[in-house]
Amino acid sequence: MDSTLARDTLAAATEITTAAMSHDEPEAVLPLVARRAAALTEADLCLVMVRAEDGSLTVEAAHADRNSAGRVRDPMGAVLSPRSVASRVARRRVPMVVDDVTADPSTAPFVPPQLRGYGPFAVAPFGTRERRLGALAVYRWRGARPFAPTTVEVLAAFAAQAGLAIVLAEGSTARQRVAVYQERERIARDLHDVIVQRLYAAGVQLDLLGRRLAGRLDPADEARLVDTVEQLDGTIGEIRDTVRELRSTDPADQGAAVDLSDSVRAEVATAAGLLDLTPTLDLVGGCDDVPVVVADHARAALREALSNVVRHSGARSLAVELHRHPGGLRLRVTDDGCGIPRGVTRRGLLHLEERAAAAGGRCRVESSPDSGTTVTWEVPLH
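If you're wondering where the values come from, they're calculated on a predicted model, not measured in any experiment.

Asks: Is there a simple way to explain the overall build of the protein chain in this structure?
Replies: If you tally the helices and strands in the protein chain, you get eight helices and 13 strands. Accessible surface, the protein chain: about 19300 Å² in total, of which carbon and sulfur atoms supply 52%.

Asks: Help me out: how do you make sense of the packing of aromatic side chains in this one?
Replies: The relation between two aromatic rings is expressed through the spacing of the ring centres and the mutual angle of the planes. Evaluated as defined, the whole model comprises three aromatic pairs. Between Tyr118 and Tyr139, the aromatic rings sit 5.7 Å apart at their centres with planes inclined by 55°, giving tilted as the arrangement. Taken together, the positions of Tyr118 in strand β5 (residues 118-127) and Tyr139 in strand β6 (residues 132-141) put the pair 21 residues apart, joining distant regions of the chain. Comparing Tyr118 with Tyr139, the two get one shared label, buried. Taking 5.0 Å as the distance between ring centres and 45° as the angle between the ring planes, the aromatic pair formed by Phe121 and Tyr139 counts as tilted. With a gap of 18 residues between them, Phe121 in strand β5 and Tyr139 in strand β6 connect regions that are remote in the sequence. Residue Tyr139 is classed as buried on the basis of its relative accessible area of 2%. A network of ring pairs unites the aromatic residues Tyr118, Phe121, Tyr139 and Trp141 as a single cluster.

Asks: Help me understand the environment of Arg51, please; the structure alone is not making it clear to me.
Replies: Relative to the helices and strands, Arg51 is located in strand β1 (residues 45-51). Residue classification places Arg51 among the partly exposed positions, given a relative accessible area of 33%. C-alpha separation for the pair Arg51 and Leu133, spaced 82 residues apart in sequence, amounts to 5.8 Å. The contacts of Arg51, once residues within four sequence positions are left out, are Ser56, Leu57, Ala90, Arg91, Arg132, Leu133 and Gly134.

Asks: When you look at the packing of helix α6 (residues 261-275) against helix α7 (residues 292-313) in this model, what are you seeing that I'm missing?
Replies: Geometrically, a packed helix pair is captured by the angle between its two axes and the distance between the axes. Running from N to C, α6 and α7 point in directions that differ by 10°, and their axes come no closer than 10 Å. The pairing of α6 with α7 is recorded here as roughly parallel in orientation. Packed against α6, whose contacting residues are Ser263, Val264, Glu267, Val268, Ala271, Leu274 and Leu275, the element α7 presents Arg299, Leu302, Arg303, Leu306, Val309 and Val310 at the interface. Tallied by class, residues from the contact of α6 with α7 come to nine nonpolar, one polar and three charged.

Asks: I would appreciate a short explanation of α6 in the present structure.
Replies: Between its terminal C-alpha atoms α6 stretches 21 Å, which fits the 21 Å expected from 15 residues at 1.5 Å a residue. Within the span of α6, buried status applies to Ser261, Ser263, Val264, Glu267, Val268, Thr270, Ala271, Ala272, Leu274 and Leu275. Directly after α6, the chain includes Asp276, whose backbone phi takes a positive value near 60°.

Asks: What should I look at first to understand the nonpolar core in this one?
Replies: It is characteristic of soluble globular proteins that their nonpolar side chains tend to be buried jointly. Leu260, Leu306, Leu318, Val320, Leu329, Val333 and Trp377 are the most contacted members of the largest nonpolar core, which has 44 residues in total. Of all elements in the fold, only α4 (149-212), α5 (219-247), α6, α7, β10 (318-325), β11 (328-335), α8 (347-358) and β13 (372-380) reach the threshold of two or more residues within this core. Broken down by element, the residue count for this core peaks at nine residues, all from α7. Excluding anything up to four places from it in sequence, Leu260 contacts Cys287, Ala295, Ala298, Arg299, Leu322 and Leu329.

Quick notes on the rules
Residues numbered from 1 in each chain as written. Predicted model: local features only at pLDDT ≥ 70, side-chain atom pairs only at ≥ 80, totals over all residues. Heavy atoms only, no water. Helix = DSSP H or I, 4+ residues; strand = E, 2+ residues; numbered from the N terminus. Areas by Shrake-Rupley, 256 points an atom, 1.4 Å probe, with all protein chains shown as cover. Phe/Tyr/Trp six-rings, centres within 6.5 Å; stacked < 30°, edge-to-face > 60°. Buried < 20%, exposed > 50% of the residue type's maximum accessible area, 1.4 Å probe, protein only. Contact = heavy atoms within 4.5 Å. Axes fitted to C-alpha atoms, helices over the stretch in contact; angles between N-to-C directions. Parallel < 35°, antiparallel > 145°, perpendicular 65-115°, else oblique. Nonpolar A, V, L, I, M, F, W, Y, C, P; charged D, E, K, R; others polar. Expected span 1.5 Å × (residues − 1). Core = buried A, V, L, I, M, F, W, Y, C linked by side-chain atoms within 4.5 Å.

Here it is, written out as structure tokens:
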């Protein structure tokens, strides 16, 4: 290879590497790859074709010379058969050159209508041996001089270096995304397991204080206390929404599994401190494969059930069971308190029912002044 041409190839590959590493999406660099390949090979058209699972190639980037306007249709989005020469080159990683793409028997049957105005054709594999991205193809107008062996060598070298840069950039981007998602998950976990717990405990304590001082507070102070508790409840709801947003940024994580057991232990421990008793906790079956969405509903349901026990029951004992069975998840909260008085607001119970319905399940509440209250919250796991 001529020293000047080698230097130009290296400079173009370096430019591609720099651009790929600085982009959030390495694929955004493909138009630059097409432009530089066309310049290095003195081609009238260059196509970057990305390989699909079925072996076909789709044109994802193209660069044509200024004289192409009106002469050919835009090749972007064109799909080449898995039997085409370009597809075979992408699989076998051996460059190929023909003098006339529309006349050569090996290429003519697979030329898209957009490319029938071209003649000389060369194609090289794009990517690495382990990560076969596709192919890089160059064309000249029909009747132009064919691509020389040296030019094909330049194309192959540039395609390999540019493909390697894209692959490396993809790996770097993936690692950066993982780091971002891990940090977001840490923030979400701290918000949920620390901040929400503290706000929840503070709200319950204020609510209990208001009940103990009922009738002894100035009406304005009593209203202010109620308003403060409601503001804490609203803040908890906003934090939950924030946690949900933090955990749902990556669509691939929507159905990811989490271990619900730690959150359940933390909720029960908080209730124990507020009730000044030691609840029993029974975890049956592994809870490390519960989808995130279901786990969020289960946590909220447990907190609502425990909140009702703390605020209203006067219970002396509390039992919590989380059972992961083959068909789904069952959460049961049982207390020996006074039951649910008639006329008391059912807002909290409605929240439990809504949570269950949102997850495709149901919620049952059994309550009496003699036996206390049992809340059974059950959802399927598909």
